[in-house]
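Coordinate analysis (summary)
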Amino acid sequence: MRTQVGIIGAGPAGLVLSHLLHLHGIESVVLENRSRQYVQERVRAGVLEQGTVDLLKETGVGERLQREGLVHYGVNLRFGRRTHRIDFADLTGGKAVTIYAQHEVVKDLTDARLAAGGQVHFEVADTSIHNFDNSNRTSKPAIRFRKDGEPLELVCDFVAGCDGYHGICRPSLPEGILTTFDRVYPFGWLGILAEAPPSSEELIYAYHERGFALLSMRSPHIGRLYLQCRPDEDILNWPDAKIWQELQVRLAAEEKWKLVEGPVLQKGVTGMRSFVVEPMQYGNLFLAGDAAHIVPPTGAKGLNLAVADVRILARALADFYSTGRRDLLHAYSETCLRRVWKVQRFSWWMTSMLHRFDNENAFDHRRQLAELDYLTSSRAAAQSLAENYVGLPLE
Ligand code: APR
Ligand code: PHB
């Protein structure tokens, strides 16, 4: 098999990249080790930045998103049992975020790629990458894998490592090339999907002495809610009634407000970490999305950051194929990392402000409350949150 760009992983990064390359007339093949059904049902985040929405719409894959996505012009911060709204439209000149589940984005992109005759191979096994270090200019990069048990090789000009945090691309780099920067948080999120209409039109981020809670949603009928929990929390210790009870306590408000409960459709615990590798490229291999960086979910930046990476990569590859110049490709990592670090800062800051840390004391709790008070009483501070939340301008 032969293609121009071999893409490993059919998550948001791999699929958006394949779609953008197609629009530039560049051929790619996407290899995914999970089944199509698994990838399209996996519950992940669901907040799209303005720039992500604009990109999907402008490139012809935003039709269902436009119809079914919920446009939010603000978010709520709740602390001391009071609610404070951050008005994005006012603070960012009319920008918004859109609530639309990541797996729906993945569905739309997979459909678009296949309808355009694109190659997306699911359930491939034993993926490995070769000859990507550029040392031997006569032999091209190759991806080896198995499909239905048969060993295959895909020869390509470039490999895009879009295979997430647990993928094989990042660990395939020779020792000593990558520097890792990370922070593991001493808590996780227990998340539920519930058959209950969202009790608020917009998201509520709640700071509470028992820990953080978040009210989000997937549709006018389905709620998505989270509780700060221990990082190794056993979900078996959390029967549905106990989850609702804890949400009721942490989300409680002084004003007239009621958290509507409903059957829990799905639940799970995720750990939280901040993680970056530098550089995000080596030879003809380019890492994008979770393969190169992870953010804690507070602020919902993971998918959006993955899309920002591949936008830069698609442009660099398009420039190479049309002019033969490699300067944008050489600058890929540096260009991406400027945004990556700003988004890391924002996600870390939101996380630090809203969660209870075991090692912190009463001073820190007062400091967190003062930060929230400042944020909700200073236009300058609120504007900083708003411009980051709706998404910093794309390069
Ligand atoms: N071979 C082929 N595919 C692989 C391999 C492999 N060895 N290892 C992992 N994959 C696939 C995974 O099954 C997954 O579908 O790569 C894909 C990576 O997708 P994501 O984990 O979704 O990562 P990414 O596309 O970078 O999206 C960014 O934003 O909301 C966050 O973490 C969330 O997934 C999200 C991310
Ligand atoms: C979600 O809806 O899954 C979500 C929303 C906001 C976040 C994180 C996750 O900050």
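Computed from a predicted structure; not experimentally measured.

1. Observations concerning the site of ligand 1
The full set close to ligand 1 counts 23 residues, and Glu32, Arg42, Arg44, Gln102 and Asp290 are the nearest of them. Within the backbone of alanine 13, a nitrogen or oxygen atom sits 2.9 Å from an oxygen atom of ligand 1. Relative to its unbound accessible surface of 700 Å², ligand 1 loses 89% to contact with the protein. Taken together, the elements giving at least two residues each to the shell around ligand 1 come down to helix H1 (12–23) and helix H9 (302–323). If you tally residues by element for the shell around ligand 1, the top one is H9, at three residues. Counted by class, the shell around ligand 1 contains eight nonpolar, nine polar and six charged residues.

2. Considerations on the site of ligand 2
Among the 15 residues in the neighbourhood of ligand 2, the closest are listed as Tyr205, Ser216, Arg218, Tyr226 and Gly299. Within the side chain of tyrosine 205, a nitrogen or oxygen atom sits 2.6 Å from an oxygen atom of ligand 2. One of the backbone N or O atoms of proline 297 is found 3.0 Å from an oxygen atom in ligand 2. Calculation on ligand 2 without its partners gives an accessible area of 280 Å², and the protein chains cover 99% of this total. Of all elements in the fold, only strand S15 (213–217) and strand S16 (223–229) reach the threshold of two or more residues within the shell around ligand 2. Here the residues of the shell around ligand 2 are counted per class, giving nine nonpolar, four polar and two charged.

3. What to know about the domain arrangement of the protein
Here the protein is described as being made up of domain 1 (5–72 + 96–181 + 273–349) and domain 2 (185–272 + 356–390). The interface of domain 1 with domain 2 comprises 25 residues on the first partner and 22 residues on the second. Summed over both sides, the interface of domain 1 with domain 2 buries roughly 1900 Å², with 65% coming from carbon and sulfur. Its largest share of buried area at the contact with domain 2, domain 1 owes to Val43, His72 and Trp349, together 26% of the area lost on that side. Summed over the shared surface of domain 1 and domain 2, the result is zero salt bridges. Our count for the contact surface shared by domain 1 and domain 2 stands at seven residue pairs in polar contact (both at pLDDT 80 or more). The greatest single-element share of the side of domain 1 that touches domain 2, amounting to four residues, is contributed by helix H11 (residues 332–354). Here the residues of the side of domain 1 that touches domain 2 sort into 13 nonpolar, seven polar and five charged.

4. Describing the pattern of salt bridges
Tallied over the full model, the rule gives 26 salt bridges. A salt bridge links arginine 64 to glutamate 68, with the nearest nitrogen and oxygen atoms 3.1 Å apart. With arginine 64 and glutamate 68 both in helix H4 (residues 63–68) and four residues apart, this pair spans about one turn of that helix. Classification of glutamate 68 as partly exposed rests on a relative accessible area of 39%. One salt bridge in this structure joins aspartate 126 and arginine 146, with 3.2 Å as the shortest N-O distance. Of this pair, aspartate 126 sits in strand S9 (residues 124–130) while arginine 146 sits in strand S10 (residues 142–147), and the two are 20 residues apart along the sequence. A network of salt bridges, in which partner residues are shared, links Glu63, Arg64, Arg67, Glu68, Glu104, Lys107 and Asp108.

5. Concerning the side chain of glutamate 49
Structurally, glutamate 49 is set in the loop between strand S3 (47–48) and helix H3 (50–58). At 3.2 Å, the side chain of glutamate 49 and the side chain of arginine 339 are in polar contact. Contact partners of glutamate 49, with chain neighbours within four places excluded, come to Ala96, Val97, Lys301, Asn304, Arg339, Asn388, Tyr389, Val390 and Gly391.

6. As for the packing of aromatic side chains
A full pass over the atoms with the stated rule returns 16 aromatic pairs. Summarising the aromatic geometry, the rings of phenylalanine 88 and tyrosine 389 are spaced 5.2 Å apart at their centres and angled 25° between planes, so their arrangement reads as stacked. One end of the pair, phenylalanine 88, is in helix H5 (residues 88–92); the other, tyrosine 389, is in helix H13 (residues 379–389), with 301 residues separating them in the sequence. Judged by its relative accessible area of 1%, tyrosine 389 is buried. Site record: aromatic cluster; members linked through ring pairs are Phe88, Trp189, Tyr205, Phe212, Tyr226 and Tyr389. It is lysine 242 that lies over the ring of tryptophan 238; its NZ or CZ is 4.5 Å from the centre. Lying over the aromatic face of tyrosine 389, lysine 301 brings its terminal NZ or CZ to 5.6 Å of the ring centre.

Calculation notes
- Residues numbered from 1 in each chain as written.
- Chains lettered and ligands numbered in written order.
- Predicted model: local features only at pLDDT ≥ 70, side-chain atom pairs only at ≥ 80, totals over all residues.
- Heavy atoms only, no water.
- Near = heavy atom within 4 Å.
- Polar contact = N/O pair within 3.5 Å; in protein donor to acceptor, adjacent residues only side chain to side chain.
- Areas by Shrake-Rupley, 256 points an atom, 1.4 Å probe, with all protein chains shown as cover.
- Helix = DSSP H or I, 4+ residues; strand = E, 2+ residues; numbered from the N terminus.
- Nonpolar A, V, L, I, M, F, W, Y, C, P; charged D, E, K, R; others polar.
- Domains from an automatic or database assignment.
- Contact = heavy atoms within 4.5 Å.
- Buried area = accessible area lost by both parts, 1.4 Å probe.
- Salt bridge = Lys/Arg side-chain N within 4 Å of Asp/Glu carboxyl O.
- Buried < 20%, exposed > 50% of the residue type's maximum accessible area, 1.4 Å probe, protein only.
- Phe/Tyr/Trp six-rings, centres within 6.5 Å; stacked < 30°, edge-to-face > 60°.
- Lys NZ or Arg CZ within 6 Å of the ring centre and 35° of its normal.

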